[in-house]
Structures are given as structure tokens and as C-alpha cells.
There are 4 protein chains.
Amino acid sequence: MDEVLVRVKSVGICGSDLHYWRTGAIGDLIIKEPLVLGHELSGEVVDVGRSVSHLSPGDRVVVEPSSPCGRCRFCRTGRYNLCPEKRFMGDPPNNGAFAEYVAWPAAFVYKMPSGLSFDEGALVEPLSIGAYAARRAQITAGDKVLIMGAGPVGLMCLIAAVTRGATEILVVDMFDWRLNKAKEFGATSTMNARDVNVVEKVRELTNGEYVDVTMETSGSPDAAAQSVKITRRGGTIALVGLFDSVQFEYPLLDVLMKEISVVGNYDGAHSFATSLQIMSSGKFDTKKMITHHLPLDKIEVGFKIMEEKKEQVLKIELHP
Amino acid sequence: MDEVLVRVKSVGICGSDLHYWRTGAIGDLIIKEPLVLGHELSGEVVDVGRSVSHLSPGDRVVVEPSSPCGRCRFCRTGRYNLCPEKRFMGDPPNNGAFAEYVAWPAAFVYKMPSGLSFDEGALVEPLSIGAYAARRAQITAGDKVLIMGAGPVGLMCLIAAVTRGATEILVVDMFDWRLNKAKEFGATSTMNARDVNVVEKVRELTNGEYVDVTMETSGSPDAAAQSVKITRRGGTIALVGLFDSVQFEYPLLDVLMKEISVVGNYDGAHSFATSLQIMSSGKFDTKKMITHHLPLDKIEVGFKIMEEKKEQVLKIELHP
Amino acid sequence: MDEVLVRVKSVGICGSDLHYWRTGAIGDLIIKEPLVLGHELSGEVVDVGRSVSHLSPGDRVVVEPSSPCGRCRFCRTGRYNLCPEKRFMGDPPNNGAFAEYVAWPAAFVYKMPSGLSFDEGALVEPLSIGAYAARRAQITAGDKVLIMGAGPVGLMCLIAAVTRGATEILVVDMFDWRLNKAKEFGATSTMNARDVNVVEKVRELTNGEYVDVTMETSGSPDAAAQSVKITRRGGTIALVGLFDSVQFEYPLLDVLMKEISVVGNYDGAHSFATSLQIMSSGKFDTKKMITHHLPLDKIEVGFKIMEEKKEQVLKIELHP
Amino acid sequence: MDEVLVRVKSVGICGSDLHYWRTGAIGDLIIKEPLVLGHELSGEVVDVGRSVSHLSPGDRVVVEPSSPCGRCRFCRTGRYNLCPEKRFMGDPPNNGAFAEYVAWPAAFVYKMPSGLSFDEGALVEPLSIGAYAARRAQITAGDKVLIMGAGPVGLMCLIAAVTRGATEILVVDMFDWRLNKAKEFGATSTMNARDVNVVEKVRELTNGEYVDVTMETSGSPDAAAQSVKITRRGGTIALVGLFDSVQFEYPLLDVLMKEISVVGNYDGAHSFATSLQIMSSGKFDTKKMITHHLPLDKIEVGFKIMEEKKEQVLKIELHP
């Protein structure tokens, strides 16, 4: 009644999709029955429920893959990403968007501004992750920000940091071609962790002041530990990239002594509208993040490209 | 011992200078003995006190015109603009920068990045007012912002709002040529209050949602009242422009019913470093805000131009 | 299906009920058809909808009178009191609790701790208004707070300020007996606005520092203007009491020059659980706020007592 | 000129004093020349510098052991505890208060309210640590708080949490007599980590919701890891107690997935005035925290009592 039926036009493969595909689970979320993955989509409205008034068939839309309860303490305090009743598209047991059609509550379906393509629309969800993390980290005008990892999430964090007025943005990665992408999206300095001593280099670039905010998107325990070294006293570290290990050696005494705030991020909340607006501002050519287009039925090819990393791959868009 | 002697190169005339020149006072601050005005300056270091290590003669600098005590409850909590012991350059009894030289505590003197001209440097102080107000108003990525007044302060607020990621920025003024300047600095819509019903127009442009933040820089009681109408429920109004009357009719019941936050702004604090970075980012051609250059000894001409408003005047820079 | 049927046990008369009774409207909310008022209630669960699991018949409960949509931008960001789709019990066209039974969504019905009486339960809603306003005003440990007005809302603000650790709490009213109540609830100083010059007295009591936070609950334009005088530089004014006039003379220039934040408050949000916990902490004998008990069918008597103010009246509880 | 000479009356031994005494260093702070330790003091003013106006000989005072520069970026933004130029009493190379007299900048010397004893005055510094950490953790009315460790710092955190309106406060320790003290200061539940499974017990006591804020004062890596388990999604962990190891196994993935904020605390800032007010409110009988009184020349006895832990020891006060 309050749902919308959407014909999928572009849907990106997320690292979490790959993780499910390989292992069948993410933490406690275990796939027990056949499941359709996918949650980064844009499409066209085909039909709307009776009580839906802000959308009509033919509308070009993006879909926020969360559907929280709207009533629990988390929802009431504006943190609906933590809602224990939340349905998340493509997380078991909710089928996702690697499909021709998806139905979803209209309140989480947004009309696309006319200038945006479906491919750009499918990038709104990953951008919303970066926008949310940058907000949680309270990045503000004039900040020095360092981003660990220049994959799709790292680049979206970069865009979010630029948008919020960060004036120096350092990006660290292991691949020069990804660092070059980072420069295109506004990084003021980049460094390849294979070539330089990152802590030393950051100290030098910041005149010994280190950075106000570090966004950890690499998922590497070593990078997590390094983040503590390169963040200034009183600064903030946003954890964004999933770590492979549940626990590992971490310099928590430095977090205390430097009075750092370490801020976890789980999905995101009320960042879709902002991300749509950033996307349609025309300031970032996000399409450059899409390295591959495949028909939906070649999805296994896509997973393999991501897994093998033989090619330069950032975001793969599938088209049903 | 901890002061710096600066040879003034460019110094702007502020509306408050004009006010002192005409009336001899701003509120409780009354000029009782001859006083040198002026507080928006850039210059060159001529000499430094014994304990100054971060500056040397020849350095090109901008000067933050505040010198707070550093010890009171306001200073300790980061609100040094409210320090009751604060010396403010050009406020009685502290002589200001409409002079060949000024001496000031080194901690509030900043080296200019090499790319900036002295004229741009002299605009850092007014930009810091906008940056401070935008921070107090908590403007954030994706916000809709309206700015009342497109004078120098309004335009600096506009730059600050753009920098913080506001995606829709409406500017209201009475002069089309000022609105055109606003467009050059990033306004997405402008309206001349003489030609349109502002409340109606804002309603229309925002699909009935009104704006998240209004920055009142006009100093007009009518605009202040109008700000309450055009700000959305739960939104914020930043008061920046000095009102001519101490009190006037104000729809405070609407502030309550709409749960608006009305936020006063007095000078600014820790916004100079940020403003220098915004200025040197190259994203805004702030020099366009300077409409007149005059030698220091023609300062009276400058005051008259500002007072009579016969010419298109935004910022006048004086050069000793 | 997700509602609960509650047999009303105690229900308080709110100033807004009186206002509706006298004038038929509050602002845009106009009573056009017969309406049952009342929204400060406690009672016993009689029946629950099929999908309700946390409540059963016989449970003693309090009811939060808001039922927001849970989906709009306000709800999503934790400000559900501003939800435009919100149903509010006893606001037209939603019938209220001056009745034997009310039905309400279970998510906004809370089980009462065993130690609380129904009368205390009926005071949770007014306490939640104070707790919300104190939170919006960011009252914190060690603050000096002044409360304008010692009616039920003022006293609830007082309790909220005490709870948050305010160490000096001044209360202003026109009636000594109400000021005496304020002392019982933790006011450290009280003053009768008829006997003393409030501004002068506050200056004296605070060694010229004035207060960190003023909570305006009196609804008097004069008190609103006075609030600006007695609040310190950089302080906060919370607007809680409805003003009779939409607009009036207000010293907005002082708000700007003193960098005060004026914060509107409309109902409240996610303050019920907190208020229940404060209420059951046993630290405040809130029953002392109840001056009258009446059977429900004597409600007109209650309205008249409140209107005429011949007797010492704070809160009147009705019992069906 | 702006200093005050204080005759020490009571001075407490801090865990950090013991650490210096045993090892000669805390992290990078290494004692290279003979040093007088001690920073938790109260005393009597003997003499004041020429520019001191708020204090006179004979005044009973407490001393905040920080003397920051008042000018750097940290000082300017209200975080003077992070000032790199800060002198800290009793940290090398600044002599401390295990002495008959200390001289200190008057701005950090506070007159004691008449009702307070010197022993209570000497407890203001440790209370300020708790008050600061509780503020950084944003403990608010109605919160559920858990405190790891019931030593002096843990008990001060407890007092701070009570003051800010926490309504459920759980305390964990290894000694029953310390847990009993915690109950006297307002803990609503206590548990001995030797007897119960803490995670399981917290789950049970909170109906599976876990706590809003955990304050880690034990300095134990195991407790740090446990803190992550017992803090609810979206909650906060304040790190207060120094860890013995620089780094150790820590479940950082849970911090991310549960969207927890982990907040370091280093000393404290602008918490002295608040702590003095809490102390003089009479709500907490802090003298119960003092287990031993010794003359200053028996200081070695005091260190040994603390080191050997044969006796029930919380705070030892020395008297010159």
C-alpha cells in the first residue's frame, strides 16, 4: 500500500555483496536460503501503492536500501540505521536489487533530479555512506583530513570531505592509479603506502600538526593503528571500512593520551537527500568511478573481476 | 616582547568604522579621546618582539584584530570573542589600522600563503566573520540557506555557506547589482525584496519547505521578522548584521512554535586560520568584492562614498 | 492492530486545555467539531492489538500523547515533535483523554514502574516538557539557571534542571506560595517580581555574571525581554511558555551583541522514558504539585478554578 | 606578578604520583632531575602578585594544576588540557605540591566556599577529572551508565554521572569493600568481576539493552575489551584510566558495527568551577573517600600503602 515497484536500471556491486558471495555471511548475518543481493540502485517507477502520493509510474528514482521501523528508541532519536527491526535490501532475509524489479517503501524512494543519469543515481547510495561518515566525524570548513584507502568508499568519503569544506585532504593507498583518481576528486596530497613512511610523510606535510580527522576505509588493522599516529591531539578517527578480524592489536593508550575520538559507522542515516544534492551539484564527475558495465546476467564475471583484482576496478554497474 | 610591528599595506573600511566616524560610538563603546579606527588589514612585518619565533621581518601577514586575556571563563571555553578583557583593534581605547604601522600580539598575526595579495589578505577578517557565523549556525552539507543582505558581510556569509556544502543558497537584497555579485560567489537564487514577496518566493523555491538556515546580515528589523517566516520548523537563524534599534516588534511566538534557534554572533573566534585556507583555496575570486582603492589620506572620501551610496560600493581598501 | 486500549485513571488539566476551552483554538489549530480534550494521563491497559507484545491487559501505563508518522524528514532526524503528520491527543481533530477510555499506538504507551501512583503517572507528560526544554537548552552540571514562572511547567523545568546538575537555580514568579513550592523542588533562590527589580537582583546573586540558561515559562512578553538582560554573554534562553501575542517588542540587538542563543520548544520528543526514570528515582515529591482532585464529570469546575485563580492552583487531576 | 603563593594544607596522592615514584616516568614525561610530585591540593594564600585582584592572603583555596599558554589553537578552542606549552604541577620539570608552599598563576587558583574543609578541597582535582570525562561522554538525564573500576577516579566518575542525571549506574570492581563505597555514592547496582560474568550480568540488568555510556577507569585491557560488549549500539565509551600496555587486542570491528564512540580523556579542562560547586552542594560525602591521613614527611609510607594494597586504601591525604 505504501510501497513502490521499481524497474532496476543500474545497480552497483558493493564490497559487501562480494563478501556475501564468497562466504555466505557478514558477521551474524548468515544467508540460509537463496537470496538476491544488491542495494546500490537506480531505476524507474513502474507502479505505486494506493497511499503513495509523491511518486508516479515513469519517475526516475534512487532507492535508500534501509527500511527501519520508525518507532523504536533508535528511530525516534534519529539513528534509524541502528534500528533492530530495520530491513536492509539484500541483507538476509530481504531480497535485493540484482533483479529486474524491486518493491520498496515509498518513503525511502527519491525522485532523481533531471540532470542525473541512472549510473550516477546508482552511486548515490555509496556517496551516502561517505556523507554520513563525514558528518559523524564532524568534518568542518578548514579541516585537514586524511583518508585511508582510495576504493569506492574512500573516494566517496573524499567527496564528502571536499563538500564540507576540508581544505587539505591527504589520501593513502597501495595503488598509484587509485591515488590518481583521488586527485581527480579533490585530494590535495596522495601517498602510496608502499613507497613512503606514511606517519613520517603526514608529519612533514602538516608541519608536525598531523590531521584533524582520519577516515579509515581500508579495513586494514595496520592502517587502523597508523590512524592513531597521524591524527592530531583532540582529533577524530571515523571507522568506515570493515575489518577482516574481529579484534587485533590497537594502540588504545594513545587514543586516551591524545584525547582522540574514535567513531564507528554502521551504514548511514538521513544522508540520501544530501547525497542527491551533492551529486546533482555537478561539482564531481562521479561517473569516473565506474570502471565496468555489465549486463545483469554477467554478474559472476563482475564478482570475479572484483575478487581477482587483475584489472583496475572501482565500481561495476550491472544493467538488467 | 610578544608583539609584532606591522607596516600596513591594505586596510578595508568596515561598516562599524563608518558608524564610529558618524556617531562616535557603538553601543557602550564610546570614543572619548582621538582614536585611530580600522581593523581589516594585511601588511608586512617590520620588527618582532624577543619571544616571537614564528614570524620575522619581511613576512607578509594578516592580523586578527582580537587580543583576548586567555584566562577568563570565556577564553578557557573557546569563546574568546566574549572575553571582557579583550582588546579589539580600533575599538576605543585601542588604536587601529588606519595608520602606517600597527603593533599587535604575535599569536594573532598569521603568515599569508604566498599566492595571496595584500588586498585579499585584508579581506580575511570580514571572511572570518562569515565563517564564524556559518559555524555557529551549524550549516552543513546539503543545507538550504538564505542570506538577508548582499553587502560585504552577506557575501562573506555566502562564501562560508558554499564552503560548508550548502547546496541551495538564496540571497535577498534591494539592489540588483549586489544580487549579481551574489550569483558570482555561488548563490543559486537571488531575489530583490523590492520586486517580489520574499516569503512567497522562498515558499515557492523550496516547495513549501522553507530554508534550514537564515543568515540575517541586513540589520533591518523587517528582515529579522521575515527571517522567522522563511525558516523551516526546527531551523536556525544567525543574527549577524547590527540592528539600528535596540528593540523592535519580533514574532517570538513563531520562534517558539516553529522550534527555531536564533543565534547571536558577536565578532568571531578561531576562524582566521580557516578563512586564510578558504581564501587561498582559489575557489572564490574575493577581489571582486573590492570596489574602490584609495590612499590612506583620502579616508574621508571613502567614508563619504560609503555613507552616500551614490556609487556601487562594497569594500573600499585604503593603502598607506 | 498496533494500538492499546487504556482505561484512564488520572488525567491532568493543562493550560492548553484551558485555552481551547475558552477560545476554541490555539493558533492554527481550530476546533470545528465537538472534541474531547486532555493529554496528561495514566491508566490501565484493557486490551491490546494483535501486534502488540510489550503490553498486556492490566498493565499500569502512561501515554505519550504524540503519534508521529515515523518517516518524514523530521521523524528521521529525531525531531518527531515537528512531524507535520503527527497526531496529538486532544488537539483537533484527535479526541483526548478527558474520557473513560483512550486508544493509542502501543509504541507510545509505557509501562509504569511499580512504585509510581496513577497521579504521579499523569505528571510524566508535563515533566517530559521540562526535560525536553532542559535538554534543548543544554543545561549541564554546574550551570546557573533561572526559571521565569513557577507554574506546573516552570516547576517541571526546575526538576529537569536539578536533575541535569544545575547547582544554582533561581525562580521568578508573582506569587509567594508558588515560590515556596519552587524551594521545595530545589530552587536555590526565589524572587517575587512584584517586590524586587529582577535584573538587579539576579546581577547581585550572581556576582554580576548573570545566568547560563534562562527558561521562560511565564508566557509574558515582559519576562521574555527581561530574560535577555539576565542571561550571560554566550548563554541560552529556552522559550517554553506560550505568549499571548504573536509579536511584541523584543531586544534582539542584545541577543546579537551578547551572543545569546534563543531556542524555541514545541512539545517534546524522546523525553518520556527519561521522565519516567526521573519520576521513579524518588528524588522529587511531585505529588505536591497536585492541588486539586476532581471526578471527571466536574471538569467544568476544574476549568473555572484554573481560570479564576482565586484558589492556590497548580495541577488539577481528574478521575473518571 | 600574576602568581599566588599557597601554603599547602592537604594534598592527595594520585595514582600517577605512585607511577612516577616507582618508574621515574609516565610515557614521554621522564624525570631527569630531582622533582617534587603532587597536584591534588588545597591550602591558604600567603602572598599574591601585584596584578592579582581576586585573591588575598588568608583565602582558603584549591589549585587547578594546569597552566596552559592561553594562545595556541588548543587553548583558543577551549581544549587547554591539550596545550603543548602547558605546565602541569608535579609533571617534570615543574615542581609540585608535596611541599609546604607552592606558587601558581592566580587564574588557576579558586577560592573555596566557606563550608568546605581542606580535605574536601584536595578532592576537587580528582572530581574535576570525573566531571570532565562525564562531560566528554555527554552523559545526560536518564542515561544508564557503567563504571569500570571503583578506585578514586571511578568513584569521582560515579559522582559526576549522578550529578548529570544518570538514573541507572552500574559499577564493576574486584573488591567488595570498594563496591560498597560505590553504593554509598549512588551506584544503583554493583558487581564483583570475580564472582559474575559481567557481560551476562549487564545484559540481564538492562533487559538486553546494555548501557548508554561506559566509563573505563580500571586501566585493564580486558575491561577495555569488555566495555565494547556492554555498551549499547550507538553508545559511548570514555577512556579514563591509564592502560599499562601501549597496545593490546581490542575488538575494533565491534566498535564499528555497533557504531560506538570511543572517547579519550587527557586530564581535564574548565571543570574546576563545576567540581567546586558539586563539592559544596553537600549532596556527596566525599570525605568518605579519604582512607588515610599522613604527615607530609611520611609520604613514603603512603606510597607503600598504595603499592602493597594490603589495607583498604582509596585516597591518602598528606598534611605538611
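Residues numbered from 1 in each chain as written. Chains lettered and ligands numbered in written order. Predicted model: local features only at pLDDT ≥ 70, side-chain atom pairs only at ≥ 80, totals over all residues. Heavy atoms only, no water.

Caption draft 1: Region of the structure containing the overall build of chain A. Scanning chain A from N- to C-terminus turns up eleven helices and 18 strands. For 320 residues, the compact-globule estimate of 2.2 N^0.38 gives 20 Å, and chain A sits close to it at 19 Å. Its C-alpha atoms give chain A principal-axis dimensions of roughly 60 × 45 × 40 Å. In chain A, which comprises 320 residues, the share counted as buried stands at 62%. Considering only contacts within chain A whose residues lie at least 6 apart along the sequence, 70% involve residues at least 24 apart. Of the roughly 12200 Å² that chain A leaves accessible, carbon and sulfur atoms contribute 48%. Of note, chain A has its 35 positive side-chain charges centred 4 Å away from the centre of its 40 negative side-chain charges. (Helix = DSSP H or I, 4+ residues; strand = E, 2+ residues; numbered from the N terminus. Rg over C-alpha atoms; globule rule 2.2 N^0.38 Å. Buried < 20%, exposed > 50% of the residue type's maximum accessible area, 1.4 Å probe, protein only. Contact = heavy atoms within 4.5 Å. Areas by Shrake-Rupley, 256 points an atom, 1.4 Å probe, with all protein chains shown as cover. Lys, Arg positive; Asp, Glu negative; His and termini not counted. Charge placed at Lys NZ, Arg CZ, Asp CG, Glu CD.)

Caption draft 2: Geometry of the interface of chain A and chain D. Contacts between the two partners involve 39 residues from chain A, matched on the other side by 39 residues from chain D. Here chain A and chain D share an interface that buries about 3800 Å² over both sides, 57% of which is from carbon and sulfur atoms. By the criterion of area lost to chain D, the three top residues of chain A are Leu252(A), Leu256(A) and Glu259(A), representing 20% of everything that side buries. The tally of links between chain A and chain D comes to eight salt bridges. Linking chain A to chain D there are 23 residue pairs in polar contact (both at pLDDT 80 or more). (Buried area = accessible area lost by both parts, 1.4 Å probe. Salt bridge = Lys/Arg side-chain N within 4 Å of Asp/Glu carboxyl O. Polar contact = N/O pair within 3.5 Å; in protein donor to acceptor, adjacent residues only side chain to side chain.)

Caption draft 3: Expanded view of the environment of Val153(A). Residue and element names in this part refer to chain A. Its location among the elements puts Val 153 in helix α5 (residues 152-163). Note on Val 153: relative accessible area 31%, which makes it partly exposed. A C-alpha to C-alpha distance of 9.8 Å links Val 153 and Glu 216, two positions 63 residues apart in sequence. Once residues lying within four places of it in the same chain are set aside, the contact partners of Val 153 are Ile 129, Thr 217 and Val 240.

Caption draft 4: Looking closely at the pairing of strand β12 (residues 189-192) of chain D. All names here are of chain D. In this sheet, β12 lies alongside strand β11 (residues 168-173) in parallel orientation, the contact comprising four bridges. Bridge pairing in β12 places Val 171 opposite Thr 190. Regarding topology, helix α6 (residues 176-184) serves as the crossover connection from β11 to the parallel β12, and that connection is right-handed. (Pairing = 2+ DSSP bridges. Right-handed = clockwise from strand over helix to strand, strands pointing away.)

Caption draft 5: Spatial organisation of the domain arrangement of chain A. Residues and elements named next belong to chain A. Splitting chain A by domain gives domain 1 (3-122 + 285-319) and domain 2 (127-264). One C-alpha centre belongs to domain 1, the other to domain 2; they are set 26 Å apart. Contacts between the two partners involve eleven residues from domain 1, matched on the other side by 14 residues from domain 2. With both sides pooled, the region where domain 1 packs onto domain 2 buries about 1100 Å², and carbon together with sulfur makes up 69% of that total. Here domain 1 and domain 2 share one salt bridge between them. In this structure, Lys 288 and Glu 184 form a salt bridge, with 3.1 Å as the shortest nitrogen-oxygen distance. Between the two partners, domain 1 and domain 2, sit three residue pairs in polar contact (both at pLDDT 80 or more). Here the side of domain 1 that touches domain 2 is built from residues that sort into four nonpolar, three polar and four charged. (Domains from an automatic or database assignment. Nonpolar A, V, L, I, M, F, W, Y, C, P; charged D, E, K, R; others polar.)

Caption draft 6: Quick look at the interface of chain C and chain B. Of the residues lining the interface, 39 residues belong to chain C; the matching set on chain B comes to 40 residues. For the pair chain C and chain B, the summed buried surface comes to about 3800 Å²; carbon and sulfur atoms form 57% of the total. Summed over the shared surface of chain C and chain B, the number is eight salt bridges. Arg136(C) serves as the salt-bridge partner of Glu259(B), at 3.7 Å between the closest nitrogen and oxygen. Applying the counting criterion to the chain C and chain B interface returns 23 residue pairs in polar contact (both at pLDDT 80 or more). Those elements that provide at least two residues to the side of chain C that touches chain B are α2 (73-76), α4 (124-136), β14 (231-239), β15 (248-250), α9 (252-257) and β16 (261-264) of chain C. Classifying every residue of the side of chain C that touches chain B by side-chain character gives 22 nonpolar, eight polar and nine charged. Two elements, strand β16 (residues 261-264) of chain B and β16(C), share three bridges in a ladder whose sense is antiparallel. In the sheet register, Ser261(B) faces β16(C), and the bridge partner there is Val263(C).

Caption draft 7: Just the relation of the copies chain C and chain B, in detail. Overlaying chain C on chain B yields an RMSD of 0.0 Å, the required transformation being a rotation through 180 degrees with an accompanying axial translation of 0.0 Å. Such values leave the two copies arranged in the relation of a two-fold axis. Relative to the rotation axis, the closest C-alpha in chain C is found at Glu249(C), a distance of 2.1 Å. A symmetric contact is evident, with 100% of the interface residues of chain C recurring at the interface of chain B. (Least-squares fit on C-alpha atoms with pLDDT ≥ 70 in both.)

Caption draft 8: Expanded view of the pattern of salt bridges. All told, the structure shown has 83 salt bridges over all chains when counted by the stated rule. Measuring nitrogen to oxygen at the nearest pair gives 3.9 Å for the salt bridge that ties Glu307(B) to Arg22(B). Of the two residues, Glu307(B) is situated in helix α11 (residues 299-308) and Arg22(B) in helix α1 (residues 15-23); the sequence distance between them amounts to 285 residues. On the accessibility criterion, Glu307(B) (34% relative accessible area) is partly exposed. Among the residues examined, Arg22(B) registers a relative accessible area of 47% and is labelled partly exposed. Connected through shared salt-bridge partners, Arg73(A), Lys144(D), Glu209(D), Asp212(D) and Arg232(D) make up one network.

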